[in-house]
Amino acid sequence: MKLRCLLVVALGVLHPIAVRAETQYLYIIDSRSNKLHKRELVNYTEVATLTITTNTAQAVSGSNGAAVNPVTNEFFAVLQLAGPNGRYLVQLDVQTGLATVKGNLGDNFGAITFDDSGKLYGMTGDGATVPSSLYEINPSSAAKTLLANYTANNDGETLAFFPDDQRLLRITGSSVYEIDPADPTNSVLRTDVPFVFYKPQGLVHYSEQVFFYGHDWQDVHRLDLGEMESVGVGQNWQGSKSLA
């Protein structure tokens, strides 16, 4: 079974989600704590809660992104850890809560995503030293290569791979862009999405043209680009920056 999970803190259900059997659970990393939750996806029933620890004994204070490698099923996250430039790439064991630190990302990354070949991409936020920039990241070492710089927006920064189009989908502020991974400087604004996004965060592809994303700080929405609808599915008091 391939691991595909949605990381949110869904404390109040607004709308149930129809899901396939292999995606019946979601894994949750709090944006402002060291907790990892496992919830049943349809009704948000709490199945398990773990405390995240690290192999380096660094304290965990939150998370700023997560993604699952579709080739290896390995789970990665950007965790806020004690230390300089405190955002680190880790591989996370969702059965035990143990995070294996891969390296310091060296800037304020706000989103990561894998493409379908297992290549890892990361986007910095507007508060980064190099803001709103796309990188390729080595999952083994957290070494990064700059691919493109975009216009900074202080109203949220998200990134997810869109298999149907073989593009990276970026939502920032109220704008939706598709980025060609083969030519990352080619960022095309989509004008067909009729929604107003407010401080979007934590974008993740779910199936076909369906995504989940964080809206403002505590709301989680289901976005269907085929039906062009966005529906609130829950709330997360600890933030929705980590969806995978």
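Scroll up a little and you will see the structure.
Residues numbered from 1 in each chain as written. Predicted model: local features only at pLDDT ≥ 70, side-chain atom pairs only at ≥ 80, totals over all residues. Heavy atoms only, no water.

*Asks:* What is the right way to look at the layout of surface pockets in this model?
*Replies:* Regions of empty space are outlined by a rolling probe, equal in size to a water molecule, passed over the atoms. A volume near 400 Å³ is recorded for the second largest pocket. For the second largest pocket, the lining is made up of 19 residues, of which Asp126, Gly156, Glu157, Gln201 and Lys241 are closest to its centre. Class assignment of the residues belonging to the lining of the second largest pocket gives a composition of 3 nonpolar, 9 polar and 7 charged. (1 Å grid on protein atoms, 1.4 Å probe; cavity = no way out; pocket = protein on both sides within 12 Å on 5 of 7 lines; lining within 4 Å. Points joined across faces, edges and corners; volume = space filled by probe spheres on them. Nonpolar A, V, L, I, M, F, W, Y, C, P; charged D, E, K, R; others polar.)

*Asks:* Would you mind showing me how to read the pairing of strand 18 (residues 210-215) here?
*Replies:* For a regular strand, side chains alternate in direction, first toward one face of the sheet and then toward the other. Here strand 18 lies mainly inside the structure; 6 of its 6 residues are buried. The two faces of strand 18 match: Val210, Phe212 and Gly214 on one face and Phe211, Tyr213 and His215 on the other face are all buried. In this sheet, strand 18 lies alongside strand 17 (residues 201-207) in antiparallel orientation, the contact comprising 4 bridges. Opposite Val204, over in strand 18, you have Phe212 as the bridge partner. (Buried < 20%, exposed > 50% of the residue type's maximum accessible area, 1.4 Å probe, protein only. Helix = DSSP H or I, 4+ residues; strand = E, 2+ residues; numbered from the N terminus. Pairing = 2+ DSSP bridges.)

*Asks:* I would appreciate a short explanation of the packing of aromatic side chains in the present structure.
*Replies:* How two aromatic rings sit relative to each other is given by the distance of their centres and the angle of their planes. Tallied over the entire structure, the rule returns 5 aromatic pairs. Taking 5.2 Å as the distance between ring centres and 70 degrees as the angle between the ring planes, the aromatic pair formed by Phe197 and Tyr213 counts as edge-to-face. Of this pair, Phe197 sits in the loop between strand 16 (183-190) and strand 17 while Tyr213 sits in strand 18, placing them 16 residues apart in sequence. An identical accessibility class is assigned to Phe197 and Tyr213; each is buried. Its end group placed over the ring of Tyr135, Lys144 keeps NZ or CZ at 6.0 Å from the ring centre. (Phe/Tyr/Trp six-rings, centres within 6.5 Å; stacked < 30°, edge-to-face > 60°. Lys NZ or Arg CZ within 6 Å of the ring centre and 35° of its normal.)

*Asks:* Just checking my understanding: could you explain the environment of Gly173 for this structure?
*Replies:* As for its placement among the helices and strands, Gly173 is situated in the loop between strand 14 (167-172) and strand 15 (175-180). Accessibility expressed as a relative area gives 4% for Gly173, which makes it buried. C-alpha of Gly173 to C-alpha of Asp155: the two residues are 18 residues apart in sequence and 4.6 Å apart in space. Apart from the residues lying within four places of it in its own chain, the contact partners of Gly173 are Asn153, Asp155, Gly156, Phe197 and Pro200. (Contact = heavy atoms within 4.5 Å.)

*Asks:* Looking at this structure, I do not really get the nonpolar core. What am I missing?
*Replies:* Of all hydrophobic cores here, the largest spans 17 residues; its most connected members are Ile29, Ile52, Phe75, Leu79 and Val90. For this core, the secondary-structure elements that each account for two or more residues are strand 1 (25-29), strand 5 (60-68), strand 6 (75-81), strand 7 (87-92) and strand 8 (98-104). Looking at this core element by element, the count peaks at 4 residues for strand 6. Once you skip the residues sitting within four places of it in the chain, Val90 turns out to touch Phe75, Phe76, Ala77, Leu79, Leu81, Ala99, Thr100, Val101 and Lys102. One finds Val176, Val193, Tyr213 and Leu225 within the second-largest nonpolar core, a separate group that totals 13 residues. (Core = buried A, V, L, I, M, F, W, Y, C linked by side-chain atoms within 4.5 Å.)

*Asks:* For this particular structure, what's the right way to read the sheet that holds strand 7?
*Replies:* Adjacent strands of a sheet pair through backbone hydrogen bonds, lying either parallel or antiparallel. Taken in spatial order, the 5 strands of this open sheet run 4-8-7-6-5, and their pairing is mixed. A single partner strand is all that each edge strand has here, and the edge strands are strand 4 (53-54) and strand 5. Here 5 bridges tie strand 6 to strand 7, and the two strands are oriented antiparallel to one another. Bridge assignment links Gln80 to a residue of strand 7, and that residue is Arg87.

*Asks:* Explanation requested: empty space enclosed by the protein in the structure shown.
*Replies:* Taken as a whole and assessed by the stated rule, the structure comprises 1 cavity of 30 Å³ or more. Empty space within the largest cavity amounts to approximately 50 Å³. What lines the largest cavity is a set of 11 residues, among which Ala111, Ile112, Gly202, Leu203 and Lys241 lie closest to the centre. Secondary-structure elements contributing two or more residues to the lining of the largest cavity are strand 5, strand 9 (109-114) and strand 17. In terms of residue count, the dominant contributor to the lining of the largest cavity is strand 9 (3 residues). For the lining of the largest cavity, the per-class residue count stands at 6 nonpolar, 4 polar and 1 charged.

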